[in-house]
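# Analysis of the macromolecular model
If you want the building blocks of each chain, they are given just below.
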Amino acid sequence: MLLHRSLASLLAIIFLHIVKQVQSTETVLKTALGDHPFNKFQEVNKPCQEGCSLYGNCNHELGVCECPFGLSGPTCQTQLYPACRTVFTSGGQRIYLGRTAPRNCYCYQQLLKGLCLPDDESRCAFHTMQLWDSLYCFQRKETPEEQQLSELPERIDDPTYEWGRCTTSRTGTTQKHVGLIDRLPTIEDISKSVPLSRCTARCYEQGVCQDWGGQTRCLCFAGYRGEDCSVSEMAEETFCPDTCGARGKCIAGFCKCDAPYWGLGCSRSKAYEPVPGSIAYPYFPSLKIYVYDVPPNVVGPHQFEDGDINVFYNYQSFMRFEEMLLHDTNGVRTENPYEANLFYIPAFAYYSTSNLGDPTGAVVRAVDWVASTFPFFNRTGGKDHFILISADRGACYLKRVPQTEHLIRVTHFGYERQNITDMGQLLHNTEYGCFKAGRDVVMSPFFKAKVPKIQELRARLEQPAGLEAFIAKKDVLFFFSGDIRHNEPEYSGGVRQALSLLLSNNSYPDVVFKGGYMMLGGHEYEDLLTRSKFCLAPYGHGFGIRLTHALMHACVPVIIQDKVRQPFEDILHYPDFSIRVSKAELPRLVEMLRAVPEEDLVRMTKENSRIYRAFLWQPELGGLAYNFTLASLWRRVSHFRGELYEAGVRR
């Protein structure tokens, strides 16, 4: 009886404790909310100083003037790198960087201070700075810095000028230097560059003047054309984001927007803030992405070389994603950062690294601007922020620093492995290498599809019994054509080299293995892809495009990429449409493929027809790469909310 009373007393105490806890929680909620409105917002329209629109765009969210690269101030007339100009002007003369024509030594010193990380000068946000050791420069003797220009002297041996070279020292920390030299460069050393005065209209200060055997002509900076570079290319597809959205003009990489637009691709016209007293909290039911309008002086699209802005099509996925996101205004994209549950930082890393190199400089500069301008990055340490890196090795070389520690990396190369030793000195992350499952996303690279050919093939497969008839005509068991690089053991993880030794002189009549760069022409290559049952999908120096090639031509991919995650592998079930083989199994590869039953080949080819659009970006082909990228990102939102960085990997 005493025991029952004690138990009853204990239960009563527990009940009262639970009631108090519930009451306490309700009290906290009521205290937190009270009479305050929840997620109520009002439009913001902050003005800029009069005159901003002459050279720039008014960002009405921040009340600051967006300026082209090299210009700053409330009306974009302050020169950030004055020694890079070719003439003294009272207005806002644009500057353009490359290495064809040398610039003033003071220009390079100003750029070094403005574009490189102060504690690590090897990491800069401009491709020209990556070519530092190849740069010549000049300066006028006994002339102060503020009077220096990047106008070449009339003669290389002009005694009033002195010449220099850019060099790098790597003792401890990397440091870049500009030093004077005794030996004068030849005209070949400076790419036949001569003073602008020798070319028509000085190339409108929008190009480089070159002397080709007594004939001078302008090499126009990217974004300009014509004999004198006077014509502005208004819609360079690979230069301005979304070609400025038909709301402005693309002028050498800068969108000069029509009022009242501003921002990335002239996509912004509204801004928001919480109404006074309102509590703001991220939207939960669906994905909402806010895009930061990072100023061009922080990061942006720039020419790689004087006159060269070409982004090779395999790396254009970041451009396609941005274009589609900027247009996704009725669904995912929001102009209200307070309701966003994910944030995109356009770091434009490719314009700093090209297809190889270290993106840290561009990414850190972009993050620093974001974190100092808005409150959202610091509240999570960047866990709800993502960047796109489309270079060969993706985020392999992204240095692990506070600004990058928690960023979601969206890349093409999902190499996840501890203590990677075959990626060179730039790789610092020994914990997971280039990719962290549950946090990062592997998206498909851009594939420049031949639209009529793909459409014709898919129409054949969709006909009654078309797929079976298509497979019956396949007379090649296994196919590969591509570079091998026997002298680079890290290339493809050694897979191509090993298969080359096994198959180059094979006696299999139905195996085609062509090693070497561009061994087959385009038509023959596509024909063999279509005729083959299985196609090799290795990686190369970084991510591989062969997986997409195989899928587009209804060939079953044979993925041999140890420790490398594939595009959208957290969503797509790869065993349904591909075969994965380890490098250790290569000696038995042909026998393994011969043992695949015909019904499994049919099954995987049918699944190919269902999923191949996930690897296409083109809307005219029903491309779903953008949609799958969003789906993967939406899963990441769930991961960081539940602190499940290792979750969500489908095997």
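It should be emphasised that the depicted structure is a prediction, and the values quoted were computed from it without experimental measurement.

## Side note on the packing of aromatic side chains
The full count for this structure, using the stated rule, is 38 aromatic pairs. The positively charged end of R165 is found above the aromatic ring belonging to Y136, 4.1 Å away from the centroid. A cation over a ring is seen here: K288 above Y283, with NZ or CZ 5.5 Å from the ring centre.

## Some remarks on the packing of helix α5 (residues 317–327) against helix α16 (residues 625–641)
Helices that pack against each other are described as a pair by the angle of their axes relative to one another and the distance between those axes. Direction vectors running N to C along α5 and α16 enclose 80 degrees, while the axes themselves pass 10 Å from each other. For the element pair α5 / α16, the angle class is roughly perpendicular. Where α5 abuts α16, its residues F321, M324 and L325 lie against Y626, T629, L630 and L633. Along the lines of polarity and charge, the residues of the contact of α5 with α16 split into six nonpolar, one polar and no charged.

## Re the pattern of salt bridges
Proximity of charged atoms lets side chains of opposite charge pair with each other. The full count for this structure, using the stated rule, is 30 salt bridges. With a closest N to O distance of 3.6 Å, E188 and K192 form a salt bridge. Residue K192 is classed as partly exposed on the basis of its relative accessible area, which comes to 23%. Residues E569 and R580 are paired through a salt bridge, measuring 3.4 Å at the closest nitrogen-oxygen approach. Placement of the pair is E569 in the loop between β31 (564–565) and β32 (579–580) and R580 in strand β32, with a sequence separation of 11 residues. It is possible to trace a salt-bridge network through shared partners that takes in E61, R268, D293 and E335.

## Focus: the sheet that holds strand β10 (residues 161–169)
One open sheet accounts for four strands, arranged β6-β9-β10-β11; its pairing is mixed. Both edges of this open sheet fall to β6 (103–104) and β11 (175–180), since each of them pairs with a single strand only. Pairing of β10 with β11, which is carried by six bridges, proceeds in the antiparallel orientation. Paired with T167 across the two strands is H177, which belongs to β11.

## What to know about the state of the cysteines
Going through the model one piece at a time under the given rule, you end up with 14 disulfides. Between C52 and C65 runs a disulfide, and the two sulfur atoms are separated by 2.0 Å. Taking the torsion about the S-S bond as the criterion, the C52 to C65 disulfide, at about 95 degrees, is right-handed. Placement of C52 in helix α2 (residues 52–55) and of C65 in strand β3 (residues 64–66) is noted, with a sequence separation of 13 residues between them. Look at C52 and you get buried, because its relative accessible area is 3%. Among the residues examined, C65 registers a relative accessible area of 13% and is labelled buried.

## Brief notes about a nonpolar patch on the surface
Together, F38, Y281 and F284 line one region of the surface with nonpolar side chains, adding up to about 320 Å² of accessible area. The topology assignment puts F284 in the loop between β19 (271–274) and β20 (289–291). Of the residues examined, F284 reaches a relative accessible area of 42% and is grouped as partly exposed.

## Quick notes on the sheet that holds β32
In sheet architecture, strand pairing relies on hydrogen bonds along the backbone and comes in two forms, parallel and antiparallel. Spatial strand order, β28-β27-β29-β30-β32: five strands in an open sheet with parallel pairing. Bordering the open sheet on either side are β28 (511–515) and β32, each of which pairs with just one other strand. Where strand β27 (residues 476–482) and strand β29 (residues 532–537) come together, three bridges link them in parallel fashion. The residue bridging F478 from the neighbouring strand is F534, located in β29. This element, helix α11 (residues 495–503), spans β27, β28 and β29 of the sheet and lies at about 125 degrees to β28.

## Some points on helix α7 (residues 360–373)
If you check α7, its first and last C-alpha atoms are 20 Å apart, about what 14 residues at 1.5 Å a residue would give, namely 20 Å. Residues of α7 that are buried: T360, G361, A362, V363, V364, R365, A366, V367, W369 and V370. Buried residues belonging to α7 abut α3 (105–115), β7 (116–117), β8 (120–124), α6 (350–353), α8 (376–380) and β23 (385–389).

## A few points about the nonpolar core
Among the nonpolar cores identified, the biggest contains 95 residues, and I289, Y292, F321, L342, F386, L572 and F615 are the most heavily contacted of them. Per-element tally for this core: the top contributor is α16, with seven residues. Beyond its immediate sequence surroundings of up to four residues, Y292 is in contact with F343, Y344, I345, P346, W369, V370, F374, F376, F377 and H385.

## A word on the UniProt feature "domain: EGF-like" (unreviewed entry) in the protein
Mapped onto this numbering, the UniProt entry gives "domain: EGF-like" (unreviewed entry) at residues 44–77 and 195–230. Secondary structure content for residues 44–77 is 12% helix and 26% strand, while the C-alpha to C-alpha distance between its ends is 26 Å. Taken as a whole, residues 195–230 contains 0% helix and 39% strand, while its terminal C-alpha atoms sit 17 Å from one another.

## Points about the side chain of T411
With respect to the helices and strands, T411 occurs in strand β24 (residues 408–411). Of the residues examined, T411 reaches a relative accessible area of 1% and is grouped as buried. Among the polar contacts made by the side chain of T411, one reaches the main-chain amide nitrogen of F413 at a distance of 3.2 Å. If we skip the residues at most four places from it in the chain, T411 touches I389, G394, A395, V441, V442 and M443.

Conventions used here
Residues numbered from 1 in each chain as written. Predicted model: local features only at pLDDT ≥ 70, side-chain atom pairs only at ≥ 80, totals over all residues. Heavy atoms only, no water. Phe/Tyr/Trp six-rings, centres within 6.5 Å; stacked < 30°, edge-to-face > 60°. Lys NZ or Arg CZ within 6 Å of the ring centre and 35° of its normal. Axes fitted to C-alpha atoms, helices over the stretch in contact; angles between N-to-C directions. Helix = DSSP H or I, 4+ residues; strand = E, 2+ residues; numbered from the N terminus. Parallel < 35°, antiparallel > 145°, perpendicular 65-115°, else oblique. Contact = heavy atoms within 4.5 Å. Nonpolar A, V, L, I, M, F, W, Y, C, P; charged D, E, K, R; others polar. Salt bridge = Lys/Arg side-chain N within 4 Å of Asp/Glu carboxyl O. Buried < 20%, exposed > 50% of the residue type's maximum accessible area, 1.4 Å probe, protein only. Pairing = 2+ DSSP bridges. Disulfide = S-S within 2.5 Å. Patch = residues over 30% accessible without salt bridge, like charges linked within 9 Å, V, L, I, M, F, W, Y side chains within 5 Å. Areas by Shrake-Rupley, 256 points an atom, 1.4 Å probe, with all protein chains shown as cover. Expected span 1.5 Å × (residues − 1). Core = buried A, V, L, I, M, F, W, Y, C linked by side-chain atoms within 4.5 Å. UniProt positions renumbered as here; feature names shortened; annotations may be inferred. Polar contact = N/O pair within 3.5 Å; in protein donor to acceptor, adjacent residues only side chain to side chain.

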